[in-house]
Amino acid sequence: MTDEEWMWLALGLAEKAQALDEVPVGAIIVKNGEVIGQGYNQPIKTNDPSGHAEIIAIRAASQQIQNYRLEGCTLYVTLEPCAMCIGAIFHARLRRLVFAASDPKTGVCGSILDLPAEKKLNHHLEVHKGLLAEESARLLRQFFYGKRHLDKLARYENSN
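The paragraphs below set out a description of the structure included in this document. (Residues numbered from 1 in each chain as written. Predicted model: local features only at pLDDT ≥ 70, side-chain atom pairs only at ≥ 80, totals over all residues. Heavy atoms only, no water.)

Description of helix α4 (residues 83–92)
Counted only if it meets this: Burial classes: relative accessible area under 20% of the type maximum marks a residue as buried, over 50% as exposed, and values in between as partly exposed (1.4 Å probe, protein chains only). In DSSP terms, a helix is any run of H or I states spanning at least four residues, a strand is any run of E spanning at least two, and both are numbered starting from the N terminus. This arc is built from the directions going out from the helix axis to the C-beta atoms. Contacts are assigned to residue pairs with any non-hydrogen atoms lying within 4.5 Å of each other.
Among all positions in α4, only C85, I86, I89, F90 and A92 are buried. Burial along α4 is one-sided: seen end-on, the buried residues are contained in an arc of 165 degrees. Against the buried residues of α4 lie α3 (53–65), β3 (74–79) and β4 (96–101). Phi for R93, located one or two positions after α4, is positive at around 65 degrees.

Things to note about the pattern of salt bridges
This is how it is decided: Here a salt bridge means any side-chain nitrogen of Lys or Arg lying within 4 Å of a carboxyl oxygen belonging to Asp or Glu.
This model, assessed by the stated rule, comprises 5 salt bridges. Salt-bridge contacts for R141 lead to E134; the nearest nitrogen and oxygen are separated by 2.6 Å. Overall, the relative accessible area of 40% leaves E134 in the partly exposed class. In this structure, a network of salt bridges that share partners links the residues D3, R95, R96 and E126.

Let's talk about the packing of α3 against α4
Note the following rule: Lines fitted to C-alpha atoms define the axes here, with helix axes fitted over just the stretch in contact, and angles between the N-to-C directions of these axes take values from 0 to 180 degrees. Any angle that is under 35 degrees is reported as roughly parallel, and any over 145 degrees as roughly antiparallel; angles of 65 to 115 degrees are reported as roughly perpendicular and all others as oblique. In a left-handed crossing the near helix is turned counterclockwise from the far helix by less than a right angle, and in a right-handed crossing that turn is clockwise. The residue classification treats Ala, Val, Leu, Ile, Met, Phe, Trp, Tyr, Cys and Pro as nonpolar and Asp, Glu, Lys and Arg as charged. All others, Gly included, are polar.
Look at α3 against α4: their axes get within 9 Å of each other, and the N-to-C directions meet at 20 degrees. Classified by the interaxial angle, the pair formed by α3 and α4 is roughly parallel. The hand of the α3/α4 crossing is left-handed. Residues E54, I55 and I58 of α3 form the contact with α4, whose own contacting residues are M84, C85, A88, I89 and A92. Residues of the contact of α3 with α4, tallied by class, amount to 7 nonpolar, no polar and 1 charged.

Some thoughts on the packing of aromatic side chains
Put simply, the rule is: Pairing of aromatic rings covers Phe, Tyr and Trp, the last counted by its six-membered ring, and requires centre-to-centre distances within 6.5 Å; plane angles under 30 degrees mean stacked, over 60 mean edge-to-face, and any other angle means tilted.
For the coordinates displayed, the defined rule picks out 2 aromatic pairs. Aromatic side chains W6 and Y76 sit 6.4 Å apart centroid to centroid with 35 degrees between the ring planes, which places their arrangement in the tilted category. Of this pair, W6 sits in helix α1 (residues 3–19) while Y76 sits in strand β3; the two residues are 70 residues apart in sequence, bridging distant segments of the chain. Each member of the pair, W6 together with Y76, is buried. On the basis of an interplanar angle of 80 degrees and a centroid distance of 5.1 Å, the ring pair of F143 and F144 is categorised as edge-to-face. A residue is classified by how much of its surface remains accessible, and F144, at 36% relative accessible area, is partly exposed.

Section: the nonpolar core
Formally: To qualify as a nonpolar core, a set must consist of buried Ala, Val, Leu, Ile, Met, Phe, Trp, Tyr and Cys residues joined through side-chain atoms within 4.5 Å.
With 26 residues, the main nonpolar core has I29, L70, I89, L94 and L97 as its most contacted residues. Elements represented by at least two residues in this core include exactly β1 (26–31), α3, β3, α4, β4 and α5 (133–159). Excluding residues that lie within four positions of it along the chain, L70 makes contacts with I29, I58, A61, S62, I65, A92, R93, L94 and R95. Of all hydrophobic cores here, the second largest spans 15 residues; its members include M7, A10, A100 and L132.

Notes on the side chain of Q42
Position of Q42 among the secondary structure elements: in the loop between β2 (34–40) and α2 (43–46). A relative accessible area of 12% means that Q42 is categorised as buried. Setting aside residues up to four positions removed in sequence, Q42 forms contacts with E22, G51 and I56.

Describing the environment of I89
Within the fold, I89 resides in helix α4. With 12 residues separating them in the primary sequence, I89 and V77 have C-alpha atoms 12 Å apart.

Side note on the pairing of β1
For the record, the criterion: We treat two strands as partners when DSSP finds at least two bridges between them.
With 5 of its 6 residues buried, β1 lies for the most part within the structure. Strand direction decides the pairing type here: β1 and β2, joined by 6 bridges, are antiparallel. Looking across to β2, one finds that I29 is bridged to G37. The turn linking β1 back onto β2 is made up of 2 residues, and N32 within it adopts a positive phi angle of 50 degrees. Relative to β3, β1 runs antiparallel, the two being bridged by 4 bridges. Opposite I28, over in β3, you have Y76 as the bridge partner.

This is how it looks when you write it as structure tokens:
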């Protein structure tokens with residue numbers, strides 16, 4: 001499969017998160033042309049602040065191959081990773097990271113910081129950004145638009 005096809009799979013997982021009223025982010029980990037881990041955001045459902053798509057996918061992949069080192073693997077994720085997630089990506093020793101939409105508020109792969117480019121860190125990986133960015137960004141915009149609309153509606157109903 002191509003990078004784009006893998007990213008479409010990650011977008012499908014993001015839609016699962018959205019169906020649970022979670023921020024729509026999905027992630028898959030591929031090794032030798034096979035998905036070995038997948039996840040989607042669910043910190044609210046699990047009451048776990050580390051319940052990000054990337055962390056869940058890393059945990060699943062590590063269990064699948066029975067090794068916490070995911071050398072030779074690629075992570076496809078629909079949103080630029082945050083500091084917590086890039087830390088887990090580094091520790092897992094992933095080879096490649098492919099992400100869709102940039103995150104100007106918490107993204108650390110070029111948006112607010114560029115941790116993968118930091119030479120002082122002991123692990124480096126290939127980073128490819130922007131694959132299906134518009135599709136991912138559209139899903140995120142729709143989600144947050146809906147949230148804002150419901151908040152306004154609730155405030156209006158409470159004021160009457």
